[in-house]
Amino acid sequence: MDIKQLNTFLTVSNLLNFTKAAEYLGYAQSSITAQIRQLENELDVALFDRIGKKVVLTGSGKRLIPYATQILQLSVDLKNAVSGSEKPEGTLIVGTAESLSIYRLPEVIKEYRRLYPQVDIQLKLLSSGDFFPCLSDGTIDIAFTIGKKSEAKYVQKAVELQESIQVLACPGHPLTEKEHLSPKDFEGESLLLTGPACSYRGAFANRLAEARVVPRVVLETDSIQVIKQAAMSGLGICVLPAVSVIQEIAEGKLLPLKFDTSDYQIFSQLMYHKDRWISPALEEFIRLSILLLPEGQKYDNKVSKPIG
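Just so you know, the residues in each chain are numbered from 1, in the order the chain's sequence is written. Restriction of local features to residues with pLDDT of at least 70 applies here, the model being predicted, together with a cutoff of 80 or more for giving and counting side-chain atom pairs; totals for whole chains, interfaces and linings are based on all residues. Note: side-chain values were computed over all heavy atoms of the structure, leaving out hydrogens and water.

A. Region of the structure containing helix H8 (residues 199–210). Every helix listed is a DSSP run of H or I at least four residues long, and every strand listed is a run of E at least two residues long, numbered separately from the N terminus. Every helix has an expected span of 1.5 Å times one less than the residues it contains. When the terminal C-alpha atoms of H8 are compared, their 16 Å separation across 12 residues agrees well with the 16 Å that a helix rising 1.5 Å per residue should span. Immediately beyond the C-terminal end of H8, within one or two residues, lies Arg212, with a positive phi of roughly 60°.

B. Local environment of the confidence of the model for the protein. Each residue carries a pLDDT value, the predictor's own confidence for that position, ranging from 0 to 100. The share of residues in the protein with pLDDT of 70 or more is 93%, and the mean pLDDT across the chain is 88. By the convention used here, residues are in contact when the closest approach between their heavy atoms is within 4.5 Å. In the predicted structure, residues 302–308 sits below a pLDDT of 50 and forms 12 contacts with residues beyond four places in sequence or in another chain.

C. Structural context of the pairing of strand E2 (residues 54–57). Working definition: with a 1.4 Å probe on protein chains only, accessible area under 20% of the residue-type maximum means buried, over 50% means exposed, and in between means partly exposed. Every second residue of E2 is oriented toward a common face, the buried set being Val55 and Leu57 and the non-buried set Lys54 and Val56. Strand pairing is assigned whenever DSSP identifies at least 2 bridges connecting the two strands. Across 4 bridges, strand E1 (residues 48–51) lies against E2 in antiparallel orientation. Pairing of Ile51 across the sheet is with Lys54, part of E2. In this antiparallel pair of consecutive strands, E1 and E2, the connection spans 2 residues, and Gly52 shows a positive phi of 65°.

D. Focus on the pairing of strand E7 (residues 165–169). Most of E7 is tucked away: 4 of the 5 residues are buried. Inspection of the sheet shows E7 paired to strand E10 (residues 237–241) by 4 bridges, in the antiparallel sense. Across the sheet, the residue bridging to Gln166 is Leu240, located in E10. Pairing of E7 with strand E11 (residues 255–256), which is carried by 2 bridges, proceeds in the antiparallel orientation. Its bridge partner lying in E11, Ala169 is registered against Leu255.

E. Focus on the side chain of Glu248. Note on placement: Glu248 falls in helix H10 (residues 246–250). Taking relative accessible area as the criterion, Glu248 reaches 11% and is therefore assigned buried. Discounting chain neighbours no more than four positions away, the residues touching Glu248 are Lys228, Met232, Lys253 and Leu254.

F. Representation of the pattern of salt bridges in the model. A pairing counts as a salt bridge when a side-chain nitrogen of Lys or Arg comes within 4 Å of a carboxyl oxygen of Asp or Glu. Taken as a whole and judged by the stated rule, the model has 13 salt bridges. In this structure, the salt-bridge partner of Lys228 is Glu248, at a minimum N-O distance of 3.0 Å. Placement of the pair is Lys228 in helix H9 (residues 224–232) and Glu248 in helix H10, with a sequence separation of 20 residues. For the pair Lys228 and Glu248, a shared accessibility class is recorded, and that class is buried. We note a salt bridge from Glu251 to Lys253, for which the minimum N-O separation is 3.1 Å. Overall, Lys253 belongs to the partly exposed group, its relative accessible area being 42%. One salt-bridge network, in which partners are shared between bridges, spans Lys149, Lys157 and Glu160.

G. Fine view of the sheet that holds strand E8 (residues 190–193). Here we have 5 strands laid out as an open sheet, ordered E9-E8-E10-E7-E11, and mixed in their pairing. The strands lining the two open edges of the sheet, one partner per strand, are strand E9 (216–220) and E11. Of the pairings in the sheet, the one linking E8 to E10 comprises 2 bridges and is parallel in character. Its bridge partner being in E10, Leu191 is matched across the sheet by Ile237. Between the N-to-C directions of two axes lies an angle of 0 to 180 degrees, each axis being a line fitted to C-alpha atoms and, for a helix, fitted only over the stretch in contact. Each of E8, E9 and E10 is contacted by H9, which is oriented at about 140° to E10, the strand it contacts most.

H. How the structure looks around unusual backbone geometry. A positive phi angle, close to 50°, is found at Leu16, a residue other than glycine. Mapped onto the elements of the fold, Leu16 is located in the loop between helix H1 (3–15) and helix H2 (18–25). By relative accessible area, Leu16 is classed as partly exposed at 35%. Residue Arg212 is not a glycine yet carries a positive backbone phi of 60°. Among the secondary structure elements, Arg212 is positioned in the loop between H8 and E9.

I. Spatial organisation of the layout of surface pockets. Counted as a void, the largest pocket has a volume near 870 Å³. Both site types are read off a 1 Å grid over the protein atoms alone. A 1.4 Å probe that fits but cannot get out defines a cavity, while an open set with protein on both sides within 12 Å along at least five of seven lines defines a pocket; lining residues have an atom within 4 Å of a point. Contributing to the lining of the largest pocket are 27 residues, with Leu10, Asn14, Leu72, Ile93 and Gln122 lying nearest its centre. Mapped by element, the contributors of at least two residues to the lining of the largest pocket are H1, H2, helix H4 (59–83), strand E3 (90–96), strand E4 (119–125) and helix H7 (131–137). Grid points are joined across faces, edges and corners, and a volume is the space filled by probe spheres set on the points. Estimated volume of the second largest pocket: approximately 300 Å³. Around the second largest pocket sit 16 residues that line it, and Ala97, Leu126, Ser127, Ser128 and Asp222 are the ones nearest its centre. Residue polarity is assigned by list, with Asp, Glu, Lys and Arg as charged and Ala, Val, Leu, Ile, Met, Phe, Trp, Tyr, Cys and Pro as nonpolar; anything else, Gly included, falls into the polar class. In terms of residue class, the lining of the second largest pocket is made up of 9 nonpolar, 5 polar and 2 charged.

The structure is reproduced here in structure tokens:
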């Protein structure tokens, strides 16, 4: 196998269309088909199923994606390292949670693209359990997560910000009138929650469990946007990072309930694998993040120690 074949494979796996992949890469469709066939023959597996006009990844194809991604990224890193170029270039893949991609990263991304238009910066939205595997196998260059503070020995943090969590409902909900809420107040209430792996959902659920309150979950999704819309329509109560509902609160579309979440130890953390080569593109992304993200614990990625 060669780099060209792996690049073609990843393009087809993203587009799931041989014709579009050929147009994107500037090859004849027959060349795309031949490259995939050669790769399948060498690996002795089928990477795609062709069902009528549809193209779908096989199990083997899905398993190949992180390895192909890592090999391609290593090839870029190798070229940059050998050339000794100090100029940010190539591709930078940032794994992030949806909430952070919308409410924390835009300023960083905007400034980064202004300064380094030659870098192809890609955001990859991930679920809570995907960040560390993706850092380990090289699928992403850097991760921006929200959850419990990570103590993993193989990651290096660049930024750590404590996040405030709020419990909210739409105007007119009976619980918005109460001056103090306890877990018992949520007995029988309709709840709109993120997935079970979400740390702040877990912190809220644990408080209810301690009070022997069984949650009535009417919506469960990883999409914060969907949860907010459902809450604003009166479908139920939601639990979300404060940064994600600033506008809705300001406009009076959602109201914070008086339920204490100050003991929820939830952090957004920008981190990367400690053994990863820090390319100029990655180094500049880290530098801008430290500069532009809100106040919190910042780290010197050169010496792996906190700043200040």
